[in-house]
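# Structural features, examined
So you can see what is in the structure, the chains are spelled out below.
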Amino acid sequence: ITIADLVRESYKRIEEVDGKVQAFLTLDEERALARAEELQSKMGTDEGLLYGMPIGVKDNIVTKELRTTAASKILGNFDPIYNATVADKLHAADAITIGKLNMDEFAMGSSTENSHFAKTKNPWNLETVPGGSSGGSAAAVAAGEVPFSLGSDTGGSIRQPASFCGVVGLKPTYGRVSRFGLIAFASSLDQIGPITTNVEDNAYLLEAIAGLDPNDSTSANVDVPKYRSALTGDIKGLKVAVPKEYLGEGVSEEVRQSVREALKVLEGLGATIDEVSLPHSKYGVATYYLLSSSEASANLARFDGIRYGYRADNAENLIDLYKKTRAEGFGDEVKRRIMLGTYALSSGYYDAYYKKAQKVRTLIKQDFEKVFEDYDVIVGPTTPTPAFKIGEQIDDPLTMYANDILTIPVNLAGVPGISVPAGLSQNGLPLGLQIIGKHFDESTVYRVAHAYE
Ligand code: GLN
């Protein structure tokens with residue numbers, strides 16, 4: 001089997017299923033095949049960590065000369081002139097980028113229904129959502145179109161779709177992976193991370209993309225371990241904490257049941273399990289929407305019709321050009337966030353909302369630090385329910401926001417978290433187990449996830 005065969009396999013599968021699943025926004029087979037030829041010639045010599053592996057990339061990660069839209073009309077014709085650091089790293093690891101994956105516009109959403117271009121379907125049941133915002137990234141892996149993909153996670157956007165689609169998705173520690181070239185949503189929360197069918201592949205992909213980057217001052221100068229050597233299967237004596245807030249109200253009974261069963265498995269492997277409390281979790285969603293929308297309102301100011309992408313016609317003057325471009329170029333959810341964020345940052349309201357939310361964020365972070373003084377990992381569900389029907393929550397933003405009630409605190413604290421498949425719901429949809437670790441301790445997260453899976 002040649003590398004070109006692998007690429008053709010991937011395209012064949014895409015041809016077969018993507019008309020229905022609609023995970024991909026941009027494909028370029030010719031380019032992928034040319035890259036396969038290039039890699040074929042170095043076989044046996046100095047092969048990279050992901051040598052010849054087909055990978056899909058979320059469409060908010062800029063890729064040179066490969067259209068990058070963040071699923072927004074405002075970037076509908078944007079062909080970047082540079083690569084995100086992770087795209088360069090994939091190249092250096094000898095992976096092959098197959099195409100760009102659908103998402104909620106600017107990563108705002110939990111169902112991929114906010115994409116300007118297409119609604120991705122959950123491969124397990126085409127009437128349900130794949131989750132979001134990295135819905136294309138999770139669906140493409142679940143449907144067997146690519147074995148690896150990259151997503152981004154600001155409040156749950158890797159873990160929630162991984163859970164809904166029955167695949168493995170990790171949000172790394174904030175600072176673990178460079179954000180250079182990730183189209184910014186909320187810069188203090190955004191992280192790029194790997195989505196795969198199993199934990200071992202996930203560990204390889206993280207190793208390939210992690211590390212300090214001089215182009216991202218928030219990337220951390222912390223050594224990148226060989227994560228795969230943590231996959232020993234041995235978790236004897238490991239201390240597992242289960243927050244009571246994660247099995248409480250709002251979490252469906254079948255989800256709780258699947259977590260209880262997972263805990264039995266971990267116990268059977270020699271881990272000890274205790275109930276703990278993360279008392280400020282209940283403020284997570286409110287805190288997150290204030291902070292992330294505030295940051296988004298500043299980050300999205302650059303889309304003005306002058307520098308990037310879409311520009312409205314028939315503007316009467318410069319201000320009118322900005323207004324028309326943004327009115328026509330952004331979708332409803334993005335506008336909602338910009339308005340909320342602008343309001344929260346405005347003078348007179350700043351102290352009451354933004355500053356207050358920053359303080360609560362610190363309390364949430366301290367909740368985690370306290371538990372991690374005594375425990376190695378925190379375990380709970382990834383989402384309160386399995387995948388819901390397309391259209392079911394789209395008119396109700398607050399219900400949609402509640403999808404991330406269990407993932408958001410992890411972003412606010414900056415710690416790593418993974419979702420691994422944990423059985424099926426009564427109606428045959430995947431459930432996910434979330435495993436959360438200490439800052440920069442992805443190794444232990446992977447160790448537990450691997451022992452469990
Ligand atoms: N669903 C959350 C939101 O809409 C999280 C999105 C994300 O992690 N990018 O903001």
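These numbers were taken from a predicted model, which means no experiment stands behind them.

Turning to the packing of helix α3 (residues 85–92) against helix α6 (residues 199–209), a few remarks are in order. Relative to each other, α3 and α6 sit at 115°, their axes nearing to 8 Å. With respect to each other, α3 and α6 are oriented roughly perpendicular. The two elements α3 and α6 cross, and the hand of that crossing is right-handed. Judged by residue contacts, Val86, Lys89 and Leu90 of α3 engage Leu205, Ala208 and Ile209 from α6.

Attention now goes to the packing of aromatic side chains. Both the distance between ring centres and the angle between the ring planes are used here to describe each pair of aromatic rings. Tallying each qualifying case throughout the model produces 14 aromatic pairs. Seen in terms of ring centroids, Tyr227 and Tyr446 are 5.7 Å apart; in terms of plane orientation they differ by 65°. Their pairing is edge-to-face. In this pair, Tyr227 is assigned in the loop between α6 and β7 (239–243) and Tyr446 in helix α14 (residues 442–452), connecting sequence segments 219 residues apart. Tyr227 gets classed as buried once you look at its relative accessible area, which sits at 0%. According to the relative accessible area criterion, Tyr446 is buried, its value standing at 0%. Residues Phe303 and Phe330 carry aromatic rings whose centres are separated by 6.5 Å and whose planes lie at 90° to one another, so their mutual orientation is edge-to-face. Here Phe330 lies in the loop between α9 (318–329) and α10 (332–345) and Phe303 lies in the loop between α8 (284–299) and α9, a separation of 27 residues in the sequence. Taken as a pair, Phe303 and Phe330 share a single burial class, namely buried. Just above the ring of Tyr375 sits the side chain of Lys239; from NZ or CZ to the centre is 5.2 Å.

The next subject is a nonpolar patch on the surface. A cluster of nonpolar residues, Tyr343, Tyr349 and Tyr353, forms a patch on the protein surface that exposes about 290 Å² of accessible area. In this fold, Tyr349 is placed in the loop between α10 and α11 (351–372).

About the criteria used
Residues numbered from 1 in each chain as written. Predicted model: local features only at pLDDT ≥ 70, side-chain atom pairs only at ≥ 80, totals over all residues. Heavy atoms only, no water. Axes fitted to C-alpha atoms, helices over the stretch in contact; angles between N-to-C directions. Helix = DSSP H or I, 4+ residues; strand = E, 2+ residues; numbered from the N terminus. Parallel < 35°, antiparallel > 145°, perpendicular 65-115°, else oblique. Left-handed = near helix turned anticlockwise from the far one by under 90°. Contact = heavy atoms within 4.5 Å. Phe/Tyr/Trp six-rings, centres within 6.5 Å; stacked < 30°, edge-to-face > 60°. Buried < 20%, exposed > 50% of the residue type's maximum accessible area, 1.4 Å probe, protein only. Lys NZ or Arg CZ within 6 Å of the ring centre and 35° of its normal. Patch = residues over 30% accessible without salt bridge, like charges linked within 9 Å, V, L, I, M, F, W, Y side chains within 5 Å. Areas by Shrake-Rupley, 256 points an atom, 1.4 Å probe, with all protein chains shown as cover. Salt bridge = Lys/Arg side-chain N within 4 Å of Asp/Glu carboxyl O.

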